[in-house]
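# A look at the structure
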Amino acid sequence: MEQDRLIILRNTSRVDLSDLFSGRSRSIQSVRPSEGINLRLDVESLDKHDLFEVRRDPEVVSIAPPMPIALIKPVASQQREASPETNVTWGVSVTRAAESPFTGKGVTVAVLDSGIDGEHEAFRGIQLIQRDFTGEGNGDNYGHGTHCAGTLFGQSIDGLRYSIAPGIQRALIGKVLDGVGRGTTAGIYQALLWAINENAHVISLSLGLDFPGYVDKLVTEKEYPTDLATSKALEAYRANIRLFESLAELTRARGNIFQQGSVVIAAAGNESKRDIKPDYELAVTPPAAADGIISVGALRTSGEPHNALTVADFSNTGVNISAPGVDIYSAAVGGGYIDMSGTSMATPHVAGVAALWAEKILAETRTLSSIELSARLIGQATKSRIAAGVDPLDIGAGLIQAPLS
């Protein structure tokens, strides 16, 4: 009997959280600290009879087949030297990070991407905890993760500040994309659990499910007809969305118990085309499309004073919040600096601002609720810098804003 490889999310604690996913009345607040929430991810090969039995297991929360994931590739990039004539980049300026008394000190962030160039001067003095989920080994063979990490917590160079949270001292670097920007959802889920267990306050994702790639795999490797391959890929797509949502819900529940929440922030995707005729807009892609994850769109500026920001031509619509995502200056793998554009570049701006808010909340209460942190991010966004006529669906709550006091 044919077997399929499946990702299985289990809650191995004594408490039954099935009501969270069935619409019944049990709430995450009703879970007692003594009960705990112990999450485990397994990848198993099962036939249809095995699958039937696994679904009956009360520990099993969600099941999904592994799907390929792909880097949300930058739309453009350009290598350049640092520019000491200005002291902050436009992204740092418009998010108010440069005016904030907070820098992310005491906050742990996770960047799940293509790894990091840990020898780059941008990351001097920062504790980088690296873990590889690709089999390729630590480091960054692509450059995307290094750039995103630089935007989030890179150190100022020659008087130029280009990162949102340069006070971050501990960063988790989960390598989930290999040297060609590929990975699987199994690696993503394992990396998410790792980051949560390592007490990340903020988790940044700039990647998406590769639906066309999965269809092609079914056609070429398993000889499915294209129409059936598309149908099976849709089933896998829905199952993976449910697993992302289950993991996000359990993460919130766990945060309520241990007073340590993790907020997951993800890029909306670069598939829209507003600069051609006829133009078209696509909706937010997974994992950013999953409930419980904050989706990020990209903004562009026409120049100082940056008071008429518009949506980037490539940015997908239906986002939760927006951030600078065009001509973003940050660290390049191998040394030096580079401009990149994409919702991938907008995401670490939001993750960085989330770290500033987390520092503020922790200073006030000594605990951090992911629900409260998400509410601060969304509630403090502004539309005052957005150009007239911009569709609200394209920017969500508006431009992310750092705390000023």
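Residues numbered from 1 in each chain as written. Predicted model: local features only at pLDDT ≥ 70, side-chain atom pairs only at ≥ 80, totals over all residues. Heavy atoms only, no water.

Turning next to the sheet that holds strand β2 (residues 39-46). Spatial strand order, β2-β1-β3: 3 strands in an open sheet with antiparallel pairing. Sheet topology places β2 and β3 (60-64) at the edges, where each strand pairs with a single neighbour. The mean inter-strand angle of the sheet, taken between neighbouring strand axes irrespective of direction, is 25°. Both strand β1 (residues 4-11) and β3 contribute to a ladder of 4 bridges, which runs antiparallel. Bridging across to β3, I8 finds its partner in I63. Each of β1 and β2 is contacted by helix α4 (residues 185-197), which is oriented at about 160° to β2, the strand it contacts most. (Pairing = 2+ DSSP bridges. Helix = DSSP H or I, 4+ residues; strand = E, 2+ residues; numbered from the N terminus. Axes fitted to C-alpha atoms, helices over the stretch in contact; angles between N-to-C directions. Contact = heavy atoms within 4.5 Å.)

This brings us to the confidence of the model for the protein chain. Low-pLDDT stretches of the model should not have their predicted coordinates read in fine detail. Residues with a pLDDT of 70 or more make up 89% of the protein chain, whose mean pLDDT is 88. In this model, residues 19-35 is a region of pLDDT below 50 whose contacts with residues beyond four sequence positions or in other chains number 31 contacts. Overall, residues 81-85 carries pLDDT values under 50, and its contacts beyond four positions in sequence, including any with other chains, amount to 6 contacts. (pLDDT = per-residue confidence, 0-100.)

The antiparallel open sheet is built from 3 strands, whose spatial order is β9-β4-β11. Strands with a single pairing partner mark the edges of an open sheet, and in this sheet they are β9 (182-184) and β11 (207-209). Strand-to-strand twist of the sheet, defined as the mean angle between neighbouring strand axes without regard to direction, takes the value 35°. Both strand β4 (residues 68-71) and β9 contribute to a ladder of 3 bridges, which runs antiparallel. If you follow A70 over to β9, its bridge partner there is R182.

For the rest of this paragraph, the subject is the layout of surface pockets. When its volume is computed, the largest pocket comes out at roughly 880 Å³. Together, 33 residues line the largest pocket, and D4, R5, L6, A64 and P65 are the ones closest to its centre. Elements supplying a minimum of two residues to the lining of the largest pocket: β1, β2, α1 (48-55), β3, α4, α5 (211-222) and α6 (226-258). (1 Å grid on protein atoms, 1.4 Å probe; cavity = no way out; pocket = protein on both sides within 12 Å on 5 of 7 lines; lining within 4 Å. Points joined across faces, edges and corners; volume = space filled by probe spheres on them.)

Attention now goes to the side chain of S315. Mapping S315 onto the fold places it in the loop between β14 (310-311) and β15 (321-324). Separated by 2.9 Å, the side chain of S315 and the backbone nitrogen of A298 make a polar contact. What S315 contacts, discounting residues up to four positions off in sequence, is G269, S272, R274, G297, A298 and T343. (Polar contact = N/O pair within 3.5 Å; in protein donor to acceptor, adjacent residues only side chain to side chain.)

Our next topic: the pattern of salt bridges. Scanning the model with the defined rule gives 14 salt bridges in all. In this structure, K222 and D4 form a salt bridge, with 3.5 Å as the shortest nitrogen-oxygen distance. Taken together, the positions of K222 in helix α5 and D4 in strand β1 put the pair 218 residues apart, joining distant regions of the chain. Residue class for K222 comes out partly exposed when judged on its relative accessible area of 41%. (Salt bridge = Lys/Arg side-chain N within 4 Å of Asp/Glu carboxyl O. Buried < 20%, exposed > 50% of the residue type's maximum accessible area, 1.4 Å probe, protein only.)

Further remarks concern empty space enclosed by the protein. If a probe the size of a water molecule is rolled over the atoms, the empty space left behind becomes visible. Enumeration over the complete set of coordinates arrives at 2 cavities of 30 Å³ or more. For the largest cavity, the calculated volume is near 70 Å³. Those elements that place two or more of their residues in the lining of the largest cavity are α4 and α6. Ranked by residue count, the leading element in the lining of the largest cavity is α6, at 4 residues. Here the lining of the largest cavity is built from residues that sort into 7 nonpolar, 1 polar and no charged. In this structure, the second largest cavity occupies an estimated 40 Å³ of space. Forming the boundary of the second largest cavity are T89, W90, G91, Y162, D327, I328, Y329 and H349. Put simply, the parts of the chain that give the lining of the second largest cavity at least two residues each are α2 (90-94) and β16 (328-331). Broken down by class, the residue content of the lining of the second largest cavity amounts to 4 nonpolar, 3 polar and 1 charged. (Nonpolar A, V, L, I, M, F, W, Y, C, P; charged D, E, K, R; others polar.)

Time to look at helix α8 (residues 370-379). Of all the positions in α8, only S370, L373 and L377 are classed as buried. Looking straight down α8, one finds that the buried residues subtend no more than 65° of arc, so they occupy a single side. Two to three positions downstream of the cap, the backbone nitrogen of I371 sits 3.2 Å from a side-chain oxygen, assigning the N-cap of α8 to S369. (Arc of directions from axis to C-beta.)

This part takes up the environment of A283. Mapped onto the secondary structure, A283 falls in the loop between β12 (263-267) and β13 (294-300). Taking relative accessible area as the criterion, A283 reaches 52% and is therefore assigned exposed. Remark: the alpha-carbon pair of A283 and T317, spanning 34 residues in sequence, is separated by 4.9 Å. Leaving out residues up to four positions away in the same chain, A283 has contacts with A268, N316 and T317.

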